[in-house]
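What the coordinates show
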Amino acid sequence: MTEPTYDVVAIGNAIVDILAQAEDSFLEAEGMNKGSMQLVFSPAEADALYAKMGPGREVSGGSAANTVAGIAALGGKCGFIGQVADDQLGKVFAHDVQAVGIRFDTAARPGDPTTARCLIFVTPDGQRTMNTFLGASQFLPEAALDRQMIADAAILYLEGYLWDPEEPRQAMRAAIEVARGAGRKVAFTLSDVFCISRHGDDFRTLLADGMIDILFANENELLALAQVEDFEAAVAKIAPQVPTLVVTRSEHGAIAVVDGERVAVPAEPVAAVVDTTGAGDLFAAGFLHGQAQGRSTADSLRMGAICAAEIISHYGARPNVDLKKLIADKLG
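What you are looking at is a predicted structure, and each value in this text was computed from that prediction instead of being measured.

This brings us to the overall build of the protein chain. Secondary structure assignment for the protein chain yields 12 helices and 13 strands. For 332 residues, the compact-globule estimate of 2.2 N^0.38 gives 20 Å, and the C-alpha radius of gyration of the protein chain, at 18 Å, lies within 12% of that figure. Overall size of the protein chain, expressed as C-alpha extent along the three principal axes, is 50 × 45 × 40 Å. By residue count, 55% of the 332 residues in the protein chain fall in the buried class. For the protein chain, contacts bridging at least 24 residues in sequence account for 74% of all contacts bridging at least 6. When the accessible surface of the protein chain is split by element, carbon and sulfur atoms take 49% of a total near 13,500 Å².

What follows is about the state of the cysteines. Tallying each qualifying case throughout the model produces 0 disulfides. Free cysteine: Cys78, not disulfide-bonded; nearest cysteine sulfur from Cys307 at 12 Å. Cys195 supplies the cysteine sulfur nearest to Cys118, a cysteine that is in no disulfide, at a spacing of 12 Å. Cys118 sits in the buried class, given a relative accessible area of 3%.

Our next topic: the side chain of Asp213. Along the chain, Asp213 falls in the loop between helix 7 (193-208) and strand 10 (214-218). Leaving out residues up to four positions away in the same chain, Asp213 has contacts with Arg180, Arg184, Lys185, Val186, Val242, Pro243 and Thr244.

A few words on the packing of helix 6 (residues 166-181) against helix 7. Two elements in contact, helix 6 and helix 7, have axes whose closest approach is 14 Å; the angle formed by their N-to-C orientations is 5°. Between helix 6 and helix 7, the interaxial angle falls into the category roughly parallel. On helix 7, the residues that touch Arg169, Arg173 and Ile176 of helix 6 are His199, Asp202 and Leu206. Here the residues of the contact of helix 6 with helix 7 are counted per class, giving 2 nonpolar, 1 polar and 3 charged.

Another point: the UniProt feature "domain: Carbohydrate kinase PfkB" (unreviewed entry) in the protein chain. In the numbering used here, UniProt assigns the "domain: Carbohydrate kinase PfkB" (unreviewed entry) feature to residues 57-320. Helix makes up 40% of residues 57-320 and strand 20%, and the two end C-alpha atoms of the span are 15 Å apart.

We now examine the sheet that holds strand 10. Pairing within the open sheet is mixed, and its 8 strands lie in the order 5-1-8-9-10-11-12-13. Edge positions in the sheet fall to strand 5 (78-81) and strand 13 (261-265), since each has one partner strand and no second. Along the sheet, successive strands turn relative to each other by an average axial angle of 15°, direction set aside. Relative to the sheet, helix 6 contacts strand 1 (6-11), strand 8 (153-159) and strand 9 (185-189), its axis offset from that of strand 8 by approximately 160°. Helix-sheet contacts for helix 11 (residues 297-311) involve strand 11 (244-248), strand 12 (254-258) and strand 13, and the interaxial angle to strand 13 is about 35°.

To continue, consider the nonpolar core. Among the nonpolar cores identified, the biggest contains 57 residues, and Ile11, Ile150, Leu156, Phe188, Leu215 and Leu222 are the most heavily contacted of them. The element that contributes the greatest number of residues to this core is helix 6, accounting for 7 residues.

This next bit is on the packing of aromatic side chains. Any two aromatic rings considered together are summarised by their centre-to-centre distance and by the angle between their planes. One pass over the full model with this rule turns up 9 aromatic pairs. Their ring planes at 80° and their centres at 5.9 Å tell us that Trp163 and Phe188 sit as a pair that is edge-to-face. Placement of Trp163 in the loop between strand 8 and helix 6 and of Phe188 in strand 9 is noted, with a sequence separation of 25 residues between them. Given a relative accessible area of 0%, Trp163 falls into the buried group. Ring geometry for Phe216 versus Phe287: centroids 5.8 Å apart, planes at 85°, classification edge-to-face. Here the residue Phe216 occupies a position in strand 10, and Phe287 occupies one in helix 10 (residues 279-292), the gap between them amounting to 71 residues. With relative accessibility at 0%, the residue Phe287 sits in the buried group.

Turning next to the environment of Pro269. Tracing the backbone through its elements, the reader meets Pro269 in the loop between strand 13 and helix 10. In this structure the C-alpha to C-alpha distance between Pro269 and Gly101, which are 168 residues apart in sequence, comes to 29 Å.

Strand 10 sits mainly inside the fold: 4 of its 5 residues count as buried. Here 3 bridges tie strand 9 to strand 10, and the two strands are oriented parallel to one another. Considered in strand 10, the bridge of Ala187 is made with Ile214. Sheet topology note: the strand 10/strand 11 ladder contains 5 bridges and is parallel. What sits directly across from Phe216, in strand 11, is Val246.

What counts as what
- Residues numbered from 1 in each chain as written.
- Predicted model: local features only at pLDDT ≥ 70, side-chain atom pairs only at ≥ 80, totals over all residues.
- Heavy atoms only, no water.
- Helix = DSSP H or I, 4+ residues; strand = E, 2+ residues; numbered from the N terminus.
- Rg over C-alpha atoms; globule rule 2.2 N^0.38 Å.
- Buried < 20%, exposed > 50% of the residue type's maximum accessible area, 1.4 Å probe, protein only.
- Contact = heavy atoms within 4.5 Å.
- Areas by Shrake-Rupley, 256 points an atom, 1.4 Å probe, with all protein chains shown as cover.
- Disulfide = S-S within 2.5 Å.
- Axes fitted to C-alpha atoms, helices over the stretch in contact; angles between N-to-C directions.
- Parallel < 35°, antiparallel > 145°, perpendicular 65-115°, else oblique.
- Nonpolar A, V, L, I, M, F, W, Y, C, P; charged D, E, K, R; others polar.
- UniProt positions renumbered as here; feature names shortened; annotations may be inferred.
- Pairing = 2+ DSSP bridges.
- Core = buried A, V, L, I, M, F, W, Y, C linked by side-chain atoms within 4.5 Å.
- Phe/Tyr/Trp six-rings, centres within 6.5 Å; stacked < 30°, edge-to-face > 60°.

Structure follows, in C-alpha cells:
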C-alpha cells in the first residue's frame, strides 16, 4: 500500500450557511425544533423563511466541509467532494474552500436547483437551529467522484446528512468501495437524529458489514442508533461494532472507545457559548488530525475539544484564530 497523499478527503453537502440571531419565541412560532436540523424542500419555502430572518452573515459551511476546513487550518492536507450549482453561492463556496488550501475540483452543476443554503437561527443561549435547502448538493453523482484522490487519502470522511438523497448515497457507497480497495480508513459522522430516523437501518448495516472504521456521534445520535435510552447501554452496544467510536457529550466532554479501550476527556472551558454551529464538525477535525499525527487517543480527544470550544465562542463554523498555535499552546 502506498503512502497517502492526503490526510482526509471528505464527501458532503456543499452548503453556504446564513446565520442570524433569533428568540426562542420565533422558533416556536415557526414550528422549529430547537437545536436540530430540518429540511426545507423548495426554493420558495427557503426564500420565505429567509425573508423573516434578521440581519445575517454568510459563510461557507456543510458538515464535512467544516471538518476538512478545520483540519486544513491545523496543517493537514485535505480534499473535498461536493456538488454546487453554477451560480453566485456556488462560486462563494468554491472560493472559501480553496482559499484555505483544500482541494476542491467538483464541477459546478448547470441550471436549477441553486447551490444549497442553510438558514441558521442562533438563540441567546448559543443553540443553533438549522433549516437546510439542499439544492444542488443532493444531486452529487457517482461520476463526480475523484477516485484517485479518495484512494490517496489516509481517511475518507462521510457525513450522514448527505445520505438522505439517493444519488449522493450511491456515490458515497462507491467511495467506500474505493477507499476499502486502497486499504484506507473510512470515517462516518451520524450528523443528526433526523438522519438516523430515516436511514438508521442503513447505518447499522454499514457497521455490521465492517465498512466503518471511525464513527462520530453525539449522545442523542448514539442513543437513536443503538435504539436504547441509556447512554452506557448505547456505548456497550455500538462500541464493539466499530474499531473507533467517538461520542461528544456537550458540557460533559467526550469519550472514545478504541478497540475496546475507553478514554474520556472533559469539555474545554469557554468564556461564553455564542453559537454551537459546527461544534461537532470541528471536534471531528481535531480528533482526526490528532490521529493523522500519530497522537494518542486522549490527545486526539483534547484536540477535538479545543477546536470545538474555539468554534462555539463566536458565530459561524470556521475558526477565527490560528488553530495550530492554539493546539500548540495548550498541548504542545
